[in-house]
Number of protein chains: 2
Amino acid sequence: MSDAAFAERLAAIVGARHVIGPDGDLAPYVTDWRERYHGHAVAAVKPGSTKEVSAVVRLAAEHGVTVVPQGGNTGLCGGAAPMQPGRNLVVRLDRMRAIRAVSPLANTVTVEAGCVLAEIQAAAEAADRYFPLSLGAEGSCQIGGNIGTNAGGTAVLRYGPVRELVLGLEAVLPDGRVFNGLRALRKDNTGYDLKQLFIGSEGTLGIVTAAVLKIFSKPRVSATALVMLDGVQQALDVMALLRGHVGDRLGSLEIMSRGQIEAIRATVPDTAVPFALDAPWYLIIELTDTLAGTDLTTPLEGALGEALERGLITDALLASSEAQAKAIWRVRHSVSEGNKRSGMVVSHDSAVPLDRQAAFAENVERRIVEAVPHARVVMHGHIGDGNIHVIALIDRARVTDPAEAERVAGAINGIVDDETRLQGGAISAEHGIGLTNRGRLARVTDPLELDLMRAIKGVLDPRGGMNPGKIFSDSDA
Amino acid sequence: MSDAAFAERLAAIVGARHVIGPDGDLAPYVTDWRERYHGHAVAAVKPGSTKEVSAVVRLAAEHGVTVVPQGGNTGLCGGAAPMQPGRNLVVRLDRMRAIRAVSPLANTVTVEAGCVLAEIQAAAEAADRYFPLSLGAEGSCQIGGNIGTNAGGTAVLRYGPVRELVLGLEAVLPDGRVFNGLRALRKDNTGYDLKQLFIGSEGTLGIVTAAVLKIFSKPRVSATALVMLDGVQQALDVMALLRGHVGDRLGSLEIMSRGQIEAIRATVPDTAVPFALDAPWYLIIELTDTLAGTDLTTPLEGALGEALERGLITDALLASSEAQAKAIWRVRHSVSEGNKRSGMVVSHDSAVPLDRQAAFAENVERRIVEAVPHARVVMHGHIGDGNIHVIALIDRARVTDPAEAERVAGAINGIVDDETRLQGGAISAEHGIGLTNRGRLARVTDPLELDLMRAIKGVLDPRGGMNPGKIFSDSDA
């Protein structure tokens, strides 16, 4: 069957205007957000219901066409890029964006997978509730993609990653059958928890079409401080102290190295740095509470006072206004911009156990500087999640040759991967594997785990037609 | 090979004194806690390390012996009973009870699977932290069994079931290989989340040998109230109101019907009922806070005042002392005793979506009384989890014939299962499937889900030697 005939068959299922066929403008669907992958597809299709998704997947299976599920196409690892050599079909759920129900009583929201994350946040807000998932792409990423990649973001410390926010889901399997696990249950011990298979498996086991998500009481008051410290270990000690002082009011804990802030100050002139840069490390602390009128300042001052006394911190700045808190957070949010403007960026997304972060940060920096003396190592990240992003900034003048740039990046990646493994960590905390990290995954993962993953893939997708080439390296897929 | 020779091979792995062979006292290992199942085994074995567990499982596999993992043997559904017709080997991890590490900094505890739950609670407490899993059997159940059954208990409302408390685990697969997922990571997006397979699969996919668990800031203050109301819907409205008023300070929400409390008052004389029994429903509300000195009474009074004004509750009793709070909780804890003394008990463990509980309770009661007019229907449960236990109390004088008792219980179960399904619920919220519920599971579950479960079982345990006959009905296994 020709590509045009296949597109016609698709049109018969979803309607002609919801198929972008071989003669249409497929560019937005075959290139990833970072523009690292430029793939190809016979069509992109936008089904309007789970039944249509099922029919589309069945059709593709019949004709040996590879299915590539794509949410908002904002992923950082190429997981939604159609890169297989044969015929690829991009399946987009843009039309399935109904928020089917919001229950402030059950604290649940039922959504179709094409919902944009910000719309779900707004729906919860409208019901005086809070949906905590929050990340840079929230204005365009879709919840189906968030579930498929087990997205993290800035509220993991308190609410966990997406996996902990999903109560139930519906998914179309690689053979077109529909798994109906769209249950709104807080407890369910009736056999294996099948929905877990579809969370974080990057669309390789099926297409998530709808979900029931947890929503929460709204945080109604917050307090923010910036503290200066000598090292990561001190930041960890402050975290332990805060846990004793303020219990589970700890909302965010974000660390930055001085070098990280210097990179911002030097390159992002519209971001003011409202504090002196005379300490090696900076920690933003945000407390939140769901009860309006709660005094968070007194316990925060108490904790910081004790931290000063015990020599854990060298100075502290307690935000006295919303504006001051925003100015502090502005620095944190300028991190990507600052790094991009500072040179070639080799960045990482490792997670290590919380109490290994000091050793991890120290060893990684030392080893990178030994291997690449001209690299500037800066760090920032979610210290409450064990997720410090290590970034090597390379002066572009020193790596004008692409092969040399590749070699330098490879050497740095090798060091970070090795140190991550030594500290009992994982090379991807929140971004996933996709295409970008599949080679690294194959190198660092226990062969038994890869065997089990492949076996499960084989059971759900024996034909190998559902987002192949992702997670597993080519030779392993 | 004779049973005695097999026991000798086991002794060569773990030492003779850690094998209870065919001539030993196997009774404690072949009978379940409820004494409903009386099985048989060639031996019970107590390996002292993961390596020994692995060697034992390999040996059993070689000789076609069925492996039955058993924790503290406190399960309610026969999941750890050795009931297969062939040769069964009970594997107990009693000797693997080290608490390997407690990190108040990372908020984690690393334990071997044979640890008794109460020991883990105590270890967290000793580090000024809190391990929230709490249930009746906590003095003898083991964490390996809690993980294998995804245990629930009294803290699910705030902390979730066991699945949400496990960061990483180690398990011996049915072929003896060791899955080493003992990671202490808050974030990990490196491929499929394999550890989920072993949580709640009731030992059918492997033996959990160790785990890294989350611990939390300790609740340091609490406030308790008992409110009287006209129906389940009113209790749900109170819950919604509390979520607005006290945010996530809601620690427990336990509902009881008047009939439930009357059954206690009539049969458990040492439990005083410190309030009038003139309302149809009673709700215990407990708020907790991790910050010492927090005033919980004022917001609780505020919420209850509003509930009274809006006519959601007819009366409220705010505990003015620890002793009064205990007296209220004493009633709740006497529920099982009171029911057992009130007649033949037909009890259920359904979960339904939170906002369906009123319809569920009403319909179930009406239908049971229609079908079995002499049944007394009483209810209690975790309304914040959607888990109301429906109990039919049958006068033993009316069902002296065992066949008649069986028929009555079957009719009632059928009604509860049907209504659970109609309300989008699950027939087991927290107790699991085991042997007791496998026929019911087969009846109410989508065949596609059973297919997927069987396919996963087939991949991990192609020989079918790991706790066979559990979860799946015989004809399905």
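Residues numbered from 1 in each chain as written. Chains lettered and ligands numbered in written order. Predicted model: local features only at pLDDT ≥ 70, side-chain atom pairs only at ≥ 80, totals over all residues. Heavy atoms only, no water.

Engineer: I'd like to hear about the overall build of chain A, residue by residue, with values.
Structural biologist: Of regular secondary structure, chain A possesses 15 helices and 18 strands. Here chain A has a C-alpha radius of gyration of 23 Å; the compact-globule value for 477 residues is 23 Å, and the two agree. Based on the C-alpha atoms only, the size of chain A along its principal axes is roughly 75 × 60 × 45 Å. The 477 residues of chain A split such that 60% are buried. Nonlocal contacts in chain A, meaning residues at least 24 apart in sequence, comprise 73% of its contacts between residues at least 6 apart. (Helix = DSSP H or I, 4+ residues; strand = E, 2+ residues; numbered from the N terminus. Rg over C-alpha atoms; globule rule 2.2 N^0.38 Å. Buried < 20%, exposed > 50% of the residue type's maximum accessible area, 1.4 Å probe, protein only. Contact = heavy atoms within 4.5 Å.)

Engineer: An account of the packing of helix α7 (residues 232-246) of chain A against helix α12 (residues 357-371) of chain A is needed here, citing residue identities and associated values.
Structural biologist: All names here are of chain A. Two elements in contact, α7 and α12, have axes whose closest approach is 8 Å; the angle formed by their N-to-C orientations is 165°. Considering the angle they form, α7 stands roughly antiparallel to α12. For the pair α7 and α12, the crossing hand works out as right-handed. Judged by residue contacts, V232, Q233 and L236 of α7 engage Q357, A358 and A361 from α12. Partitioning the contact of α7 with α12 into residue classes produces 4 nonpolar, 2 polar and no charged. (Axes fitted to C-alpha atoms, helices over the stretch in contact; angles between N-to-C directions. Parallel < 35°, antiparallel > 145°, perpendicular 65-115°, else oblique. Left-handed = near helix turned anticlockwise from the far one by under 90°. Nonpolar A, V, L, I, M, F, W, Y, C, P; charged D, E, K, R; others polar.)

Engineer: Let's hear about the domain arrangement of chain A: which residues, and what values?
Structural biologist: It is common to give the size of an interface as the accessible area that goes away when the parts come together. Residue and element names in this part refer to chain A. Structurally, chain A comprises domain 1 (3-92), domain 2 (99-217), domain 3 (221-336) and domain 4 (343-422). For domain 3 versus domain 4, the distance between C-alpha centres works out to 24 Å. Facing 18 residues of domain 3, the contacting portion of domain 4 comprises 16 residues. Of all residues in domain 3, V232, L236 and I255 give up the largest surface area on contact with domain 4, accounting jointly for 31% of the area buried on that side. At the boundary of domain 3 and domain 4, one finds 0 salt bridges. There are 5 residue pairs in polar contact (both at pLDDT 80 or more) connecting domain 3 and domain 4. When residues of the side of domain 3 that touches domain 4 are traced back to their parent elements, those giving at least two are α7, β13 (250-257), α8 (258-267) and β14 (281-289). Ranked by the residues each element gives to the side of domain 3 that touches domain 4, the list is headed by α7, at 6 residues. Residues of the side of domain 3 that touches domain 4, tallied by class, amount to 11 nonpolar, 4 polar and 3 charged. (Domains from an automatic or database assignment. Buried area = accessible area lost by both parts, 1.4 Å probe. Salt bridge = Lys/Arg side-chain N within 4 Å of Asp/Glu carboxyl O. Polar contact = N/O pair within 3.5 Å; in protein donor to acceptor, adjacent residues only side chain to side chain.)

Engineer: Mind laying out the sheet that holds strand β5 (residues 99-103) of chain A, listing which residues take part and the relevant values?
Structural biologist: All names here are of chain A. Read from one edge to the other, the open sheet built from 5 strands follows the order β5-β6-β10-β8-β9, with strand pairing classed as antiparallel. Each edge of the open sheet is held by one strand with a lone partner, namely β5 and β9 (178-181). For this sheet the average axis-to-axis angle between neighbouring strands, irrespective of direction, equals 10°. Here helix α4 (residues 117-126) sits on the sheet and contacts β5, β6 (108-112) and β10 (207-214); the angle it forms with β5, its principal contact strand, is near 35°. (Pairing = 2+ DSSP bridges.)

Engineer: Tell me about the interface of chain B and chain A, and name the residues and values.
Structural biologist: With 87 residues of chain B at the interface, the matching set in chain A holds 87 residues. Summed over both partners, the interface of chain B with chain A buries about 6,900 Å², with 59% contributed by carbon and sulfur atoms. Considering only the side of chain B, the residues that lose the most area to chain A are K187, N189 and Y192 of chain B, jointly responsible for 14% of the buried surface there. Where chain B touches chain A, the interface holds 16 salt bridges. Residue R249 of chain A pairs with D289 of chain B through a salt bridge whose shortest N-O separation is 2.8 Å. At the surface where chain B touches chain A, the tally comes to 38 residue pairs in polar contact (both at pLDDT 80 or more). At the level of elements, α6 (156-159), β9 (178-181), α7 (232-246) and α15 (447-460) of chain B are the ones that each hand at least two residues to the side of chain B that touches chain A. A breakdown of the residues in the side of chain B that touches chain A according to their chemical character gives 37 nonpolar, 27 polar and 23 charged.

Engineer: Help me get a handle on the sheet that holds strand β13 (residues 250-257) of chain B, residues and values and all.
Structural biologist: Residue and element names in this part refer to chain B. With antiparallel pairing, the 7 strands of this open sheet are ordered in space as β15-β12-β14-β13-β17-β18-β16. Strands with a single pairing partner mark the edges of an open sheet, and in this sheet they are β15 (315-318) and β16 (344-347). The average angle at which neighbouring strand axes cross in this sheet is 15°, direction not considered.

Engineer: Explain the side chain of N437 of chain A residue by residue, including any values.
Structural biologist: Residues and elements named next belong to chain A. Inspection of the secondary structure assignment puts N437 in the loop between α13 (402-422) and α14 (438-444). Of the residues examined, N437 reaches a relative accessible area of 8% and is grouped as buried. Among residues more than four places away in sequence, those in contact with N437 are C77, I427 and G432.

Engineer: Can you break down the relation of the copies chain B and chain A residue by residue, with the values?
Structural biologist: Least-squares fitting of chain B to chain A yields an RMSD of 0.0 Å, with the transformation described by 0.0 Å of translation along the axis and a rotation of 180°. In short, the pair behaves as if placed about a two-fold rotation axis. Looking at chain B, 100% of its interface residues are interface residues in chain A too, so the copies touch through the same face. (Least-squares fit on C-alpha atoms with pLDDT ≥ 70 in both.)

Engineer: Please provide a residue-by-residue account of the packing of α7 of chain A against helix α9 (residues 297-309) of chain A, values included.
Structural biologist: Residue and element names in this part refer to chain A. Contact geometry of α7 with α9 gives a least axis separation of 10 Å together with a crossing angle of 140°. Between α7 and α9, the interaxial angle falls into the category oblique. Crossing of α7 over α9 shows right-handed handedness. On α9, the residues touching V238, L241, L242, H245 and V246 of α7 are P299, L300, G302, A303, E306 and A307. The residue makeup of the contact of α7 with α9, split by class, is 8 nonpolar, 2 polar and 1 charged.

Engineer: Give me the lowdown on unusual backbone geometry, citing residues and values where you can.
Structural biologist: The phi dihedral of E202 of chain A falls on the positive side, at around 55°, and the residue is not glycine. By the secondary structure assignment, E202 of chain A is in the loop between β9 and β10.

Engineer: Requested: an account of the environment of D385 of chain B, with residues and values cited.
Structural biologist: Position of D385 of chain B among the secondary structure elements: in the loop between β17 (376-382) and β18 (387-394). Along the primary structure D385 of chain B and L253 of chain B are separated by 132 residues, whereas in three dimensions their C-alpha atoms are 8.7 Å apart. At 3.3 Å, the side chain of D385 of chain B and the side chain of K187 of chain A are in polar contact. Within the structure, D385 of chain B has its side chain in polar contact with the backbone nitrogen of L157 of chain B (distance 3.3 Å).

Engineer: Hey, could you go over helix α4 (residues 117-126) of chain B for me, with residue numbers and the actual values?
Structural biologist: Residues and elements named next belong to chain B. Of all the residues in α4, the buried ones are L117, I120, Q121, A123 and A124. Taken down its axis, α4 places every buried residue within 160° of arc, on the same side. Buried residues along α4 sit against β5 (99-103), β6 (108-112), β7 (129-130), α5 (143-148) and β10 (207-214). Residue D128 follows α4 closely and has a positive phi angle near 60°. (Arc of directions from axis to C-beta.)

Engineer: If you had to explain empty space enclosed by the protein to someone new, which residues and values would you point to?
Structural biologist: Under the defined criterion, the tally for this structure stands at 6 cavities of 30 Å³ or more. Taken as a whole, the second largest cavity encloses approximately 160 Å³ of empty space. What lines the second largest cavity is a set of 14 residues, and nearest its centre among them are D193, Q196 and L197 of chain A together with Q196 and L197 of chain B. Partitioning the lining of the second largest cavity into residue classes produces 10 nonpolar, 2 polar and 2 charged. (1 Å grid on protein atoms, 1.4 Å probe; cavity = no way out; pocket = protein on both sides within 12 Å on 5 of 7 lines; lining within 4 Å. Points joined across faces, edges and corners; volume = space filled by probe spheres on them.)

Engineer: Describe the pattern of salt bridges, with residues and values.
Structural biologist: Once their charged atoms are close, side chains differing in charge can pair, the charge on each being opposite to the other. Residues and elements named next belong to chain A. Overall, the coordinates contain 64 salt bridges over all chains when judged by the stated rule. Salt-bridge contacts for E52 lead to R95; the nearest nitrogen and oxygen are separated by 3.8 Å. With a gap of 43 residues between them, E52 in helix α3 (residues 50-62) and R95 in the loop between β4 (88-92) and β5 connect regions that are remote in the sequence. Residues joined in a network through salt bridges with shared partners are E125, D128, K218 and R220.

Engineer: Which residues make up the pairing of β16 of chain B, and what values go with them?
Structural biologist: Residue and element names in this part refer to chain B. Because side chains alternate across β16, one face comprises the buried residues M344 and V346, and the other comprises V345 and S347, none of which is buried. Where β16 lies against β18, 4 bridges are found, and the strand directions are antiparallel. By the bridge assignment, S347 is partnered in β18 with I391.

Engineer: Mind laying out the packing of aromatic side chains, listing which residues take part and the relevant values?
Structural biologist: The final tally for this structure, using the stated rule, is 10 aromatic pairs over all chains. Considering the side-chain rings of F472 of chain A and Y192 of chain B, the 5.7 Å spacing of their centres and the 85° angle between planes classify their relative orientation as edge-to-face. Residue F472 of chain A is located in the segment after α15 (447-460), and its partner Y192 of chain B is located in the loop between β9 and β10; the two belong to separate chains. Each member of the pair, F472 of chain A together with Y192 of chain B, is buried. Each member of the aromatic cluster is reached from another via a ring pair, and the members are Y130, Y159 and F216 of chain A. (Phe/Tyr/Trp six-rings, centres within 6.5 Å; stacked < 30°, edge-to-face > 60°.)

Engineer: Explain helix α10 (residues 322-333) of chain B to me, using residue names and the numbers behind them.
Structural biologist: Residue and element names in this part refer to chain B. For α10, which comprises 12 residues, the first-to-last C-alpha distance of 16 Å matches the rise-based estimate of 16 Å (1.5 Å per residue) to within 8%. Regarding α10, the residues found buried are A325, I328, W329, V331 and R332. Buried positions in α10, seen along its axis, are confined to an arc of 145° and lie on one side of it. Of the exposed residues in α10, those oriented more than 90 degrees away from the buried face are E322, A323, K326 and H333. (Expected span 1.5 Å × (residues − 1).)

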